[in-house]
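The residues making up each chain are set out below.
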Amino acid sequence: MQTIKAAVCREFGKPLVIEEIQLDAPGLGQVEVTLDAVAICHSDISYAEGGWGGHLPAVYGHEAAGRITATGPGVTGFAEGDTVVVTLIRACGTCPNCASGKPTICENPADGVQDPIKTADGGPLLQAMACGAFAEKVVVDHSQIVRIPEAMPRDAACLLSCGVITGVGAAVNAAQLRAGQDVVVIGAGGVGLNAIQGARIAGARRIVAVDMTEEKLEIAKSFGATDGVLATDPKPWRAAYKALGGRGADVVMITVGAIPAYNDAPRYLGWGGKAIMIGMPHSGTKAEYDPMGMSFQGQGLIGSKMGDTVIQRDIPWMIDLYEQGRLKLDELISGRWSLEQINEAIADTKTGSAKRNVILFDR
Ligand SMILES: [Zn+2]
Ligand SMILES: [Zn+2]
């Protein structure tokens, strides 16, 4: 047991509170990672606003990078001193989904695991998303970490934990994009830009970005979008058809949690196209679609969680592409902040103009 500093959510919709918390030593199969960087994701904000429920008090934060500073019994393949990224993908390794290569939808991700954190006075404290990374250290299962090169900048590395694998993985793993296919990406935020660069890496012919401002469409083009369409257009799918030479897209990736984006997504599809559901709306909301039209045109609607990523397989190749200059990470960072500035960093992320804001732990 040790005392560390963390940003704690005590009340939904209120600023996070920087306070001291207690962290257990790593247990069976667990590692302690001392963090260098953690990025702020829209999922953290949805939780902190109460959009997805959950217990309070809680520590959010799930896109982190740092160094292993302790290992529990039964950890193989990792050692103290290893530099790693920490993801929220905790997988048992033996359920039917894990066994078929789909750890992001593991059926027993939290089997028997007790939260390793408590408040300063020993009260319950939720380790949200199996990470609780808005804190100086985390204790996580070894299935959640991937080794990274010592020299890799941690602010770039931490982005691999969620936004990058979610977007790139959606294009490569969920959509199974083939070279030459046409793609529409709705939303050019943290995940959307990665869906765009995933489509570029997979060899898409045209990549049409759809977002609310010209500024975001310009950023999208710097990540590989060939065309940009303003979502403020009353029928933006018409402009997308035009960009695709008069046909609908083979793949539409919905990277925002806005219901209008979900309702409109099938309109961008060509015959045989598929829409990939990535951005998560608040619980309880409903979208509408036309089952007759979609079945008649042989279209599909597919959910993708965390880019269907197998972290030990996918994060290493993404690091290699980053080192070759083919996967942009540094360009995704819009600001660097201290833990004490986390509420300002969250406010900046909520303005919608930001790519990723990263908290750096100086020591
Ligand atoms: Zn995330
Ligand atoms: Zn499993």
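Before reading on, note that the structure itself is shown above.
Note that this is a predicted model, so its numbers are computed, not measured.

Our focus in this paragraph is the overall build of the protein. Check the secondary structure of the protein and you find 11 helices and 18 strands. Its C-alpha radius of gyration of 20 Å places the protein within 12% of the 21 Å reference for a compact globule of 363 residues. Relative to its 363 residues, the protein shows a buried fraction of 55%. By sequence separation, contacts in the protein at least 24 residues apart represent 70% of the contacts at least 6 residues apart.

Turning next to the packing of aromatic side chains. What the rule picks out here adds up to four aromatic pairs. Put simply, the rings of Tyr47, Trp52 and Tyr60 pair up and form one aromatic cluster. Above the ring of tryptophan 237, the side-chain terminus of arginine 267 is found at 4.8 Å from the ring centroid.

In this section: the layout of surface pockets. Left-over empty space is what a probe sized like a water molecule reveals as it rolls over the atoms. In this structure, the second largest pocket occupies an estimated 220 Å³ of space. Contributing to the lining of the second largest pocket are Asn263, Pro266, Arg267, Leu269, Glu288, Tyr289, Asp290, Gly293, Met294, Gln297 and Gln299. Here the residues of the lining of the second largest pocket are counted per class, giving four nonpolar, four polar and three charged.

The next point concerns the packing of helix α4 (residues 163–174) against helix α10 (residues 311–323). Where α4 contacts α10, the two axes come as close as 11 Å, and the packing angle between them is 100°. Classed by the angle they form, the pair α4 and α10 counts as roughly perpendicular. Judged by residue contacts, Val164, Ile165, Val168, Val172 and Asn173 of α4 engage Ile311, Arg313, Asp314, Ile315, Trp317 and Met318 from α10. Partitioning the contact of α4 with α10 into residue classes produces eight nonpolar, one polar and two charged.

The subject of this paragraph is the coordination of the zinc ion (ligand 1). Around the zinc ion (ligand 1), the protein contributes the donor atoms Cys41 (SG), His62 (NE2) and Cys162 (SG), which lie 2.0 to 2.2 Å from the metal centre. For the zinc ion (ligand 1), all donor residues lie on one chain, and their spacing in sequence is C-x20-H-x99-C. In this pair, cysteine 41 sits in the loop between β3 (30–40) and α1 (42–48) while cysteine 162 sits in the loop between α3 (154–157) and α4, placing the two residues 121 residues apart along the sequence. According to the relative accessible area criterion, cysteine 41 is buried, its value standing at 5%. On the basis of relative accessible area, cysteine 162 is assigned to the buried category, the value being 5%.

A few words now on the coordination of the zinc ion (ligand 2). Those donors, Cys92 (SG), Cys95 (SG), Cys98 (SG) and Cys106 (SG), are the protein atoms that reach the zinc ion (ligand 2), and they lie 2.3 to 2.4 Å from it. Coordination at the zinc ion (ligand 2) comes from four donor atoms whose angles at the metal span 105 to 118°, giving a geometry best classed as tetrahedral.

Here leucine 56 and proline 57 are connected by a cis peptide whose omega angle stands at -10°. For proline 57, the position within the fold is in the loop between α1 and β4 (58–59). Here methionine 306, not a glycine, exhibits a phi torsion of approximately 50°, which is positive. Of note, methionine 306 is situated in the loop between β16 (300–303) and α10. Residue classification places methionine 306 among the buried positions, given a relative accessible area of 9%.

As a further point, take the environment of glycine 74. Along the chain, glycine 74 falls in the loop between β5 (63–71) and β6 (83–86). Note: C-alpha distance between glycine 74 and leucine 28 (46 residues apart in sequence) is 5.8 Å.

As a further point, take the sheet that holds strand β2 (residues 17–23). A sheet is described by the order of its strands in space; here three strands give the open sequence β1-β2-β7, paired in antiparallel fashion. Each edge of the open sheet carries a strand with a single partner, namely β1 (2–8) and β7 (117–119). In this sheet, neighbouring strand axes are inclined to one another by 45° on average, regardless of whether the strands run parallel or antiparallel. Alignment of β2 against β7, held across three bridges, turns out to be antiparallel. The residue bridging isoleucine 21 from the neighbouring strand is threonine 119, located in β7.

With that settled, the discussion passes to the sheet that holds strand β12 (residues 207–211). Across a sheet, strands are paired by hydrogen bonds formed along the backbone, either parallel or antiparallel in direction. Taken in spatial order, the six strands make up an open sheet running β13-β12-β11-β14-β15-β16, and their pairing is parallel. In the strand order of this sheet, the two ends are held by β13 (227–230) and β16, each with one partner. Neighbour-to-neighbour, the strand axes of this sheet turn through a mean angle of 20°, independent of strand direction. Sheet topology note: the strand β15 (residues 269–277)/β16 ladder contains four bridges and is parallel. Counterpart to lysine 274 in the pairing with β16 is glycine 300.

Conventions and cut-offs
Residues numbered from 1 in each chain as written. Chains lettered and ligands numbered in written order. Predicted model: local features only at pLDDT ≥ 70, side-chain atom pairs only at ≥ 80, totals over all residues. Heavy atoms only, no water. Helix = DSSP H or I, 4+ residues; strand = E, 2+ residues; numbered from the N terminus. Rg over C-alpha atoms; globule rule 2.2 N^0.38 Å. Buried < 20%, exposed > 50% of the residue type's maximum accessible area, 1.4 Å probe, protein only. Contact = heavy atoms within 4.5 Å. Phe/Tyr/Trp six-rings, centres within 6.5 Å; stacked < 30°, edge-to-face > 60°. Lys NZ or Arg CZ within 6 Å of the ring centre and 35° of its normal. 1 Å grid on protein atoms, 1.4 Å probe; cavity = no way out; pocket = protein on both sides within 12 Å on 5 of 7 lines; lining within 4 Å. Points joined across faces, edges and corners; volume = space filled by probe spheres on them. Nonpolar A, V, L, I, M, F, W, Y, C, P; charged D, E, K, R; others polar. Axes fitted to C-alpha atoms, helices over the stretch in contact; angles between N-to-C directions. Parallel < 35°, antiparallel > 145°, perpendicular 65-115°, else oblique. Donors = N, O, S within 2.8 Å, 3.2 Å for Na, K, Ca; no water. Tetrahedral: all angles 85-135°; square planar, octahedral: opposite > 155°, others 65-115°. Pairing = 2+ DSSP bridges.

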